[in-house]
Amino acid sequence: MQNEKIAIEIEPIGKRFNLDRPANMLDAIRNAGIGIKSVCSGKGTCGKCRIIITGGTVPEATDSERRILAKDEIAHGVRLACQHDFMENTSAYIPASSLSEEQKLQITGQEKSIKVEQIVKKYFLKLERATLEDVKADFNRIRDTLFSVYSVRADCIDYEVLKKMPEIIRKNRWEITAAVRKNEIVNIEPGDTTGKNYGIAIDLGTTKIAALLVDLITGKTIDKKGVMNPQIGYGEDVMSRINFASESTENLIKTKKTVTDSINFLISGLCKNNGLESVEISEVTLVGNTAMHHLFLGLPVKQLGLSPFPALTSDSLEIKARELGIEISTGGYIYLIPVVAGFIGSDLIAMVLATDLYKMKGNCIGIDIGTNTEIALVSKGNLYSVSTASGPAFEGAHIRYGMRAAPGAIERVIIDSNDCKPRIQTIDDKKPVGICGSGILDAVAELLKAGIINSHGKFDKENRCICIDSLGNARYVLLPDYYDDNDETCPSEDLISINQKDIVEIQLAKGAMRTGIEILLEYAGIDFRDIDKIIIAGAFGSYIDPKNVINIGMFPNIPLKKISQVGNAASTGAKMVLISEKQRKTAEDIGKKIRYLELNVFPSFSEHFAQSVQFPKSEEII
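Residues numbered from 1 in each chain as written. Predicted model: local features only at pLDDT ≥ 70, side-chain atom pairs only at ≥ 80, totals over all residues. Heavy atoms only, no water.

## So, the overall build of the protein
Now for step 1: A count of helices and strands for the protein gives 16 helices and 29 strands.
Now for step 2: Overall, the C-alpha framework of the protein stretches about 100 × 70 × 50 Å when taken along its three principal axes.
Now for step 3: Buried positions account for 59% of the 622 residues belonging to the protein.
Now for step 4: Put simply, of all contacts in the protein between residues at least 6 apart along the chain, 67% involve residues at least 24 apart. (Helix = DSSP H or I, 4+ residues; strand = E, 2+ residues; numbered from the N terminus. Buried < 20%, exposed > 50% of the residue type's maximum accessible area, 1.4 Å probe, protein only. Contact = heavy atoms within 4.5 Å.)

## Brief notes about the nonpolar core
Now for step 1: By size, the foremost hydrophobic cluster in this structure holds 68 residues, and its most contacted members are Ile365, Ile367, Tyr476, Leu478, Ile534, Ile552 and Phe555.
Now for step 2: Among the elements that make up this core, the one with the highest residue count is helix α12 (residues 500-524) (9 residues).
Now for step 3: Of all hydrophobic cores here, the second largest spans 38 residues; its members include Ile263, Ile267, Leu276 and Leu297. (Core = buried A, V, L, I, M, F, W, Y, C linked by side-chain atoms within 4.5 Å.)

## Points about the packing of α12 against helix α16 (residues 605-612)
Now for step 1: Look at α12 against α16: their axes get within 8 Å of each other, and the N-to-C directions meet at 135°. In this view, α12 runs oblique relative to α16, as classed from their interaxial angle. Taken as a pair, α12 and α16 cross one another with a handedness that is right-handed. Along its contact with α12, which presents Leu508, Lys510, Gly511, Ala512, Arg514, Thr515, Glu518, Ile519 and Glu522, the element α16 presents Phe605, His608, Phe609 and Ser612.
Now for step 2: Residues of the contact of α12 with α16, tallied by class, amount to 5 nonpolar, 4 polar and 4 charged. (Axes fitted to C-alpha atoms, helices over the stretch in contact; angles between N-to-C directions. Parallel < 35°, antiparallel > 145°, perpendicular 65-115°, else oblique. Left-handed = near helix turned anticlockwise from the far one by under 90°. Nonpolar A, V, L, I, M, F, W, Y, C, P; charged D, E, K, R; others polar.)

## Re the pattern of salt bridges
Now for step 1: Taken as a whole and assessed by the stated rule, the structure comprises 29 salt bridges.
Now for step 2: A salt bridge links Arg143 to Asp144, with the nearest nitrogen and oxygen atoms 3.7 Å apart.
Now for step 3: By relative accessible area, which is 29% here, Arg143 ends up partly exposed.
Now for step 4: The partly exposed category is assigned to Asp144, whose relative accessible area is 30%. (Salt bridge = Lys/Arg side-chain N within 4 Å of Asp/Glu carboxyl O.)

## Section: the packing of aromatic side chains
Now for step 1: Scanning the model with the defined rule gives 8 aromatic pairs in all.
Now for step 2: Both rings, one in Phe309 and one in Phe343, keep their centres 5.4 Å apart while their planes meet at 65°; by these two values the pair is edge-to-face. Residue Phe309 is found in the loop between α9 (290-297) and β16 (317-320), and its partner Phe343 is found in the loop between β17 (333-336) and α10 (346-355); the two are separated by 34 residues along the sequence. Of the two residues, Phe309 and Phe343, both sit in the buried class.
Now for step 3: Taken together, a centroid distance of 5.4 Å and an interplanar angle of 75° make the contact between Tyr384 and Tyr523 edge-to-face. Separated by 139 residues along the polypeptide, Tyr384 in strand β20 (residues 382-388) and Tyr523 in helix α12 bring together distant segments of the chain.
Now for step 4: Using a relative accessible area of 32% as the deciding quantity, one classes Tyr523 as partly exposed.
Now for step 5: A network of ring pairs unites the aromatic residues Tyr384, Tyr523 and Phe602 as a single cluster.
Now for step 6: Looking at Lys256, its charged tip hangs above the ring of Phe296, at a distance of 5.6 Å from the centre.
Now for step 7: Positioned above the aromatic ring of Phe528, the side-chain terminus of Arg529 is 5.7 Å from the ring centre. (Phe/Tyr/Trp six-rings, centres within 6.5 Å; stacked < 30°, edge-to-face > 60°. Lys NZ or Arg CZ within 6 Å of the ring centre and 35° of its normal.)

## Considering the environment of Gly553
Now for step 1: Relative to the elements of secondary structure, Gly553 occurs in the loop between α13 (546-551) and β28 (563-567).
Now for step 2: Each C-alpha atom, one on Gly553 and one on Arg514, is 7.5 Å from the other, the two residues being 39 residues apart in sequence.
Now for step 3: If we skip the residues at most four places from it in the chain, Gly553 touches Lys510, Arg514 and Pro616.

## Details of the sheet that holds strand β24 (residues 467-468)
Now for step 1: With antiparallel pairing, 3 strands are arranged side by side in an open sheet as β24-β25-β26. Single-partner strands in this sheet number two, and they are β24 and β26 (497-499).
Now for step 2: Judged from the 3 bridges that link them, strand β25 (residues 474-477) and β26 form a sheet pairing that is antiparallel. Directly across from Arg475, in β26, lies its bridge partner Asn499.
Now for step 3: Contacting β25 and β26, α12 crosses the sheet at an angle of about 75° to β26. (Pairing = 2+ DSSP bridges.)

## A few points about the sheet that holds strand β11 (residues 184-190)
Now for step 1: Read across the open sheet, the 4 strands follow the order β8-β10-β11-β9; overall the sheet is mixed. A strand with exactly one partner marks an edge of an open sheet, and here the two such strands are β8 (120-126) and β9 (156-157).
Now for step 2: Relative to β11, β9 runs parallel, the two sharing 2 bridges. Bridge pairing links Ile157 to Ile185 in β11.
Now for step 3: Here helix α5 (residues 138-150) sits on the sheet in contact with β8, β9, β10 (175-181) and β11, set at roughly 100° to β8.
Now for step 4: Across the sheet, helix α6 (residues 159-171) is in contact with β9, β10 and β11; its angle to β11 comes to roughly 30°.

Next comes the structure, spelled out in structure tokens:
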């Protein structure tokens, strides 16, 4: 009789695989193609291969684990993968800090396999030369050849393409490639270039701009690149930029030009890295929140900052790239998914599309965490959405030692309540220079768990783990070496730490997010116990620890297996509409179906917010 296979489920990758026999966890995870860190060759000394056992029997901790892991970690199912074998059906969660950098990149844009339907198609044409007996116009000659050879109608041609067409035809002995988009010839290229057709998908975020270089023939992503949104110079949040751009036409032009220049820089860089020219890009798609959408288009935004915050249009748009200052092929277009309302943009629609949220059964929530957090709920076939001003705290802004995710940023924190020492991990294992969003979230959750702050977010000034500065303010130092001296006074030098103001910033950010969830549930007539799934999207969402998200009360207390992290789903959605006409239609249908709820009009808003800024009590922490 054949032995039953051992079923293994690994989150947040969403990977499932079977084993024929028991196998070491670290080896099995790596053999399944999942990049997990380990620098000690599986000897149990580096502590990098942390996993959380969420389903199945949790094995007894080994001596190595007791030396490396905190007691709280062990109690909550944290183990080192190298120390144990998969003996039975098991579910495990790999924290972002244990994933290799390659794997992190992979999950920051989980892509779907969809049928490619080229919006811009290329056709190689061998034209009959013009003669005294055949003086047919060049465009008519191309149009008639397209129809006779490929049964393709081309009723019009781009004006700029028309101007350059004669020279290209004659220089290349009447052999050309015509790029056709919806019966319009949008480019003429010399020779046969039908095997080269490229597009760019852009997620224009408040903080970052992400771009994907895509092969429009195969649908494969060739390369990806990101830069900071330079509009940050005009304000870190959406409202600051709306106010700046509304002050004058000159300011509006500035905000548009800075982002246009950055997009051209991204396109140029992606092309250069892959041996292409920008003129070889046939089409661009772009998604973003409503303010980013309008500012990119150079549209007035003053109305977005005034109740009832209407967008100028909620239709999809197709605009010549050159009209917007974007440098691609001569007659190439930029396609923009519709926005929904003043604070619900096309990035949310792209996320709903990429995650299949719109067709999920039960009650499912999708959250795109960023400077401006957007939340969607599908319940009983209906789609609802809200936007919350979560602020830039999770990007490191307004935090005393906060910084964006960069080498040296503390990205993971565990506090040993016995000796007060923090166990920290920094990006690229560099010397700590600050703390980024995932580290801040970890730190606050650990301060709560250790009783260093209470459910109101206040420091316990009698707690031996904190120090009091000369002004009487409490803070917790995030550097392990500080605690070796057993000195309860605050050091004179400027050490990386968390203070009371930092805690308040996190309370306001997570409170806004939780309030949005509660309002959605209230409107749909359901309770958080009815939630079947929570999808976390956004680059920041890929790196946070869901257990700590629950422990600070940002999310309701639901089983970890109901939470999945999908990374930058907005860019995935932008790519889907780049390579498929069908997906464009689906995105447009989602835009018509989704209902936007304005939080401030709900009588229960203030009550929900007051409760949501509080942290869970110690007995509620998992």
